[in-house]
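These are the residues of each chain, in order.
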Amino acid sequence: MMPQRASTRRDPPARVLVVDDSPVVRRMVTQILADAGYGVESAPDGAAALRAIEQAPFDLVVTDLHMPPPDGFGLLEAVRARDPMLPVIILTGSHAHDMDAAVRALRLGAQDYLAKPLTDPDQIVLAVERALAQRRQRETLREAQKMEAIGRLAGGLAHDFNNALGIIMGTVSLMVRDPLVQGRVAADVEKIGKAAERAARLTRQLLAFSRRQVLQPKVVDLNEVVRGMRELLQSVTGETVQLALKLSHDPGPARVDAGQVEQCVTNLIMNAYDAMPAGGRITIETSQVDVDPAGPQLETPPIPPGAYVCLAVNDDGVGMEAAVKARLFEPFFTTKGRSQANGLGLAVVHGIVTQHGGHVRVESEPGQGASVRLYFPRVAAPMQPSAVSERPQRLRTHAVPGTTVLLVEDDDELRALLCRGLRLKGYSVLDAADGPTALALVQRQAGVPEVLVSDVVMPGGMSGFDLANSVMRVRPEVKVILMSGHPRSGPADDEVRSPNTTFIAKPFTIDRLAEKIREVQQPIATDGSAQ
């Protein structure tokens, strides 16, 4: 009598196809794996197995080696040609001690090679567990490689778009102030400007998804970020969905880009709203979470040990099946119709949280709603003003009298446009196409510039960081603004630590650049006025 094994819970159970021309062996292996908690089907030969694989998906195949054609080798080759990720375990009695057969099976891609008779039921169960675990590892690696490739492509495209959009947005900002641009032409220019702003938002999404955007993190209280969004979020949810806040008394500080966290919350709220066509309730929660390496794991897959601030968005909507949940953070994945699909979806959320060094976990069942939890590393540091909606009033954008700006940008068209715009704002402008040329200008010019505005990634062997450090060694009082639209540049690189240095993300308008120059020259006081 076959020894009994305790059933192991799996959700959903892995599906195994057992192929053997011996009814006795087929029933025995099928029973062992069914007792172990697997969903098992069987086939008497290779031809029947191939028909079964065509009709339904399987997670693993266990096959005899010596069978009527196609034998185990033929079935292995056919399976690998159809799905290289589908693991195959070879069982054999006639070739149990044939090393050449074993080597051939492994070279053809077999996951394991076991001899019959199976004296211990655990032998086949452990082989199946091992093969499935290795498949999951390969799938995870392949998915990571795929997402990395897509991310690199997205980041590179976003960089090129940022420079092109900078020219468009800069030209529009000049044209709207031209008294000759009136009537229908002015209306058309305004439309171009709005289209450029939409395109700029898309590039930010691409960079967020690829985890290469320029972050401007501060140590903040996520409670304040959420409270500052409440009015906006209620306009999203409307009257049919109740929005509730369940905020911890002290979630602890997190070092984040508040604007990007706001984007995460907005995307999650919109996703939850779409999951509740008949109305319902969305709850935003914050909490402190400490993951002890020796303690029980709260999430699957586990969160690395450490101190976190958890921001969760919970809804009582329709929930998700496992297949949907597995693809939730794929770019452009949606369960909506094409007419309703909207951008990169929750891939942006995953990209933003990951770039902050955090983690995302999702819990959902069909009909049971969903909970999406964002874990941001908790820090021990004083908090700073955070919410984007609470920024002080914008500074005036005209020049401080006598200010000379050195503008360093390798894109000729963008450099010419920015120079023109800043001169119209009243600045004296020097310009250079690379770092060495700019540094030579500074060394020749006595007392200028007051402000250095430089791109980060440039030709000539000198980055914007290198140029800023070199210029400040010559003139420590100079104010520096680094422009960045490149996926691998920005404040996160932390190569410039001077308080005189700040960043502006491409694309931007000339007004925004002029405002940034005023900001570095006249720091904003706590009441919003210039000091």
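Residues numbered from 1 in each chain as written. Predicted model: local features only at pLDDT ≥ 70, side-chain atom pairs only at ≥ 80, totals over all residues. Heavy atoms only, no water.

1. Things to note about the packing of helix α12 (residues 435-444) against helix α13 (residues 464-474)
Step number 1: Where α12 contacts α13, the two axes come as close as 10 Å, and the packing angle between them is 10 degrees. Put simply, α12 runs roughly parallel to α13. Two secondary-structure elements touch here, α12 through Gly435, Ala438, Leu439 and Val442 and α13 through Leu467, Ser470, Val471 and Val474.
Step number 2: Residues of the contact of α12 with α13, tallied by class, amount to six nonpolar, two polar and no charged. (Axes fitted to C-alpha atoms, helices over the stretch in contact; angles between N-to-C directions. Helix = DSSP H or I, 4+ residues; strand = E, 2+ residues; numbered from the N terminus. Parallel < 35°, antiparallel > 145°, perpendicular 65-115°, else oblique. Contact = heavy atoms within 4.5 Å. Nonpolar A, V, L, I, M, F, W, Y, C, P; charged D, E, K, R; others polar.)

2. Quick word on the packing of helix α7 (residues 222-237) against helix α8 (residues 258-274)
Step number 1: Relative to each other, α7 and α8 sit at 40 degrees, their axes nearing to 10 Å. Put simply, α7 runs oblique to α8. Note on packing geometry: the crossing formed by α7 with α8 is right-handed. Contacts between α7 and α8 involve Leu222, Val225, Met229, Leu233, Val236 and Thr237 from the former and Ala258, Val261, Glu262, Val265, Thr266, Ile269, Met270 and Tyr273 from the latter.
Step number 2: Class assignment for the residues of the contact of α7 with α8 results in eleven nonpolar, two polar and one charged. (Left-handed = near helix turned anticlockwise from the far one by under 90°.)

3. Considerations on the sheet that holds strand β7 (residues 241-246)
Step number 1: Across the sheet, five strands lie side by side as β7-β9-β10-β12-β11; this open sheet has mixed pairing. Edge positions in the sheet fall to β7 and β11 (359-364), since each has one partner strand and no second. For this sheet, the mean angle separating the axes of adjacent strands, direction not counted, is 20 degrees.
Step number 2: Here β11 pairs with strand β12 (residues 370-377) via six bridges, running antiparallel. Paired with Glu363 across the two strands is Ser371, which belongs to β12.
Step number 3: Its contacts with the sheet put helix α10 (residues 347-355) on β11 and β12, and the angle it makes with β12 is roughly 25 degrees. (Pairing = 2+ DSSP bridges.)

4. As for the sheet that holds strand β14 (residues 428-432)
Across a sheet, strands are paired by hydrogen bonds formed along the backbone, either parallel or antiparallel in direction.
Step number 1: Across the sheet, which stays open at both edges, the five strands sit in the order β14-β13-β15-β16-β17 with parallel pairing between neighbours. A strand with exactly one partner marks an edge of an open sheet, and here the two such strands are β14 and β17 (501-505). Each strand of the sheet is rotated relative to its neighbour by a mean of 20 degrees, with strand direction disregarded.
Step number 2: In terms of strand pairing, strand β13 (residues 404-408) meets β14 through five bridges, oriented parallel. Residue pairing for β14: Leu407 is matched across the bridge by Asp431.
Step number 3: Set on the sheet, α12 makes contact with β13 and β14; between it and β13 the angle comes to about 160 degrees.
Step number 4: The strands touched by helix α14 (residues 510-521) are β13, β15 (451-455), β16 (479-484) and β17; relative to β17, the strand with the most contacts, the crossing angle is about 165 degrees.

5. Details of the confidence of the model for the protein chain
Step number 1: Here the protein chain averages 80 in pLDDT, while 80% of its residues score no lower than 70.
Step number 2: pLDDT under 50 marks residues 337-343. Its contacts with residues more than four places away, or in other chains, come to four contacts. (pLDDT = per-residue confidence, 0-100.)

6. Some thoughts on the nonpolar core
Step number 1: Residues Leu222, Ile284 and Leu374 are the most contacted members of the largest nonpolar core, which totals 37 residues.
Step number 2: Per-element accounting of this core gives the leading share, seven residues, to α8.
Step number 3: In this structure, Leu65, Leu86, Ala101 and Ala105 belong to the second largest nonpolar core, which totals 23 residues. (Core = buried A, V, L, I, M, F, W, Y, C linked by side-chain atoms within 4.5 Å. Buried < 20%, exposed > 50% of the residue type's maximum accessible area, 1.4 Å probe, protein only.)

7. Describing helix α4 (residues 99-107)
Step number 1: If you check which residues of α4 are buried, you get Ala101, Ala102 and Ala105. Along the axis of α4, the buried residues cluster in a sector spanning 100 degrees; they form a single face. Exposed positions of α4 whose direction lies more than 90 degrees from the buried face are Met99, Asp100 and Arg107.
Step number 2: Where the residues of α4 are buried, they touch α3 (72-82), β4 (88-92) and β5 (112-115).
Step number 3: Looking one or two residues beyond α4, the residue adopting positive phi is Gly109, at roughly 110 degrees. (Arc of directions from axis to C-beta.)

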